[in-house]
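A closer look at the structure
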Amino acid sequence: MHAFFTSGLFWFIEGILACWVAIGLKSWMADRGIPMPFWKGILVAAWFLGLGVTVAFVGTCLGENELHAATQGGMIFGTIVIITGVAVWRLLLIG
């Protein structure tokens, strides 16, 4: 099972899903008439990077059998990602 997550197929599928999310966000913003300047795109990319780091941290800690670190890091980083996600969402909706 662990071999799948280190295979090229997993990363290929994850890349396709990330592209679908980006295209869907762009389409959703265009349908609603919300402007998406360059700085908003950078904020969204930074937020997705933070989300990815959080998931990678928890997954790495679980893989290393560090349950306490995964729990604590997941709660701390997860809280930060949720709060910044709400802030970025509010900024995106500003016309």
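Up top you'll find the structure we're talking about.
Residues numbered from 1 in each chain as written. Predicted model: local features only at pLDDT ≥ 70, side-chain atom pairs only at ≥ 80, totals over all residues. Heavy atoms only, no water.

1. Details of the packing of aromatic side chains
A full pass over the atoms with the stated rule returns four aromatic pairs. Seen from their ring centres, F10 and W11 are 5.0 Å apart, and the 75° between their planes marks the pair as edge-to-face. Consider the rings of F57 and F77, whose centres lie 5.2 Å apart with planes at 90°: the pair is edge-to-face. With F57 in helix α3 (residues 38–63) and F77 in helix α4 (residues 67–93), this residue pair connects regions lying 20 residues apart in the sequence. Residue F77 is classed as partly exposed on the basis of its relative accessible area, which comes to 32%. (Phe/Tyr/Trp six-rings, centres within 6.5 Å; stacked < 30°, edge-to-face > 60°. Helix = DSSP H or I, 4+ residues; strand = E, 2+ residues; numbered from the N terminus. Buried < 20%, exposed > 50% of the residue type's maximum accessible area, 1.4 Å probe, protein only.)

2. Some details on the nonpolar core
With five residues, the main nonpolar core is built from M29, I34, V44, V88 and L92. Beyond its immediate chain neighbours, meaning those up to four positions away, V44 contacts L25, M36, V88 and L92. (Core = buried A, V, L, I, M, F, W, Y, C linked by side-chain atoms within 4.5 Å. Contact = heavy atoms within 4.5 Å.)

3. A few points about α3
Spanning 26 residues, α3 covers 37 Å between terminal C-alpha atoms, matching the ideal 38 Å at 1.5 Å per step. For α3, every residue scored as buried is listed here: K40, V44, T54 and C61. Here the buried face of α3 lies against α2 (8–32) and α4. A positive phi of about 65° marks N65, the residue just after α3. (Expected span 1.5 Å × (residues − 1).)

4. Let's talk about the layout of surface pockets
Computed from the structure, the largest pocket encloses a volume of approximately 840 Å³. Lining the largest pocket are 24 residues, and of these F10, W11, E14, G52 and V55 lie nearest its centre. Elements represented by at least two residues in the lining of the largest pocket include exactly α1 (2–5), α2 and α3. For the lining of the largest pocket, the element with the most residues is α3, which contributes 11 residues. Here the residues of the lining of the largest pocket sort into 14 nonpolar, eight polar and two charged. (1 Å grid on protein atoms, 1.4 Å probe; cavity = no way out; pocket = protein on both sides within 12 Å on 5 of 7 lines; lining within 4 Å. Points joined across faces, edges and corners; volume = space filled by probe spheres on them. Nonpolar A, V, L, I, M, F, W, Y, C, P; charged D, E, K, R; others polar.)

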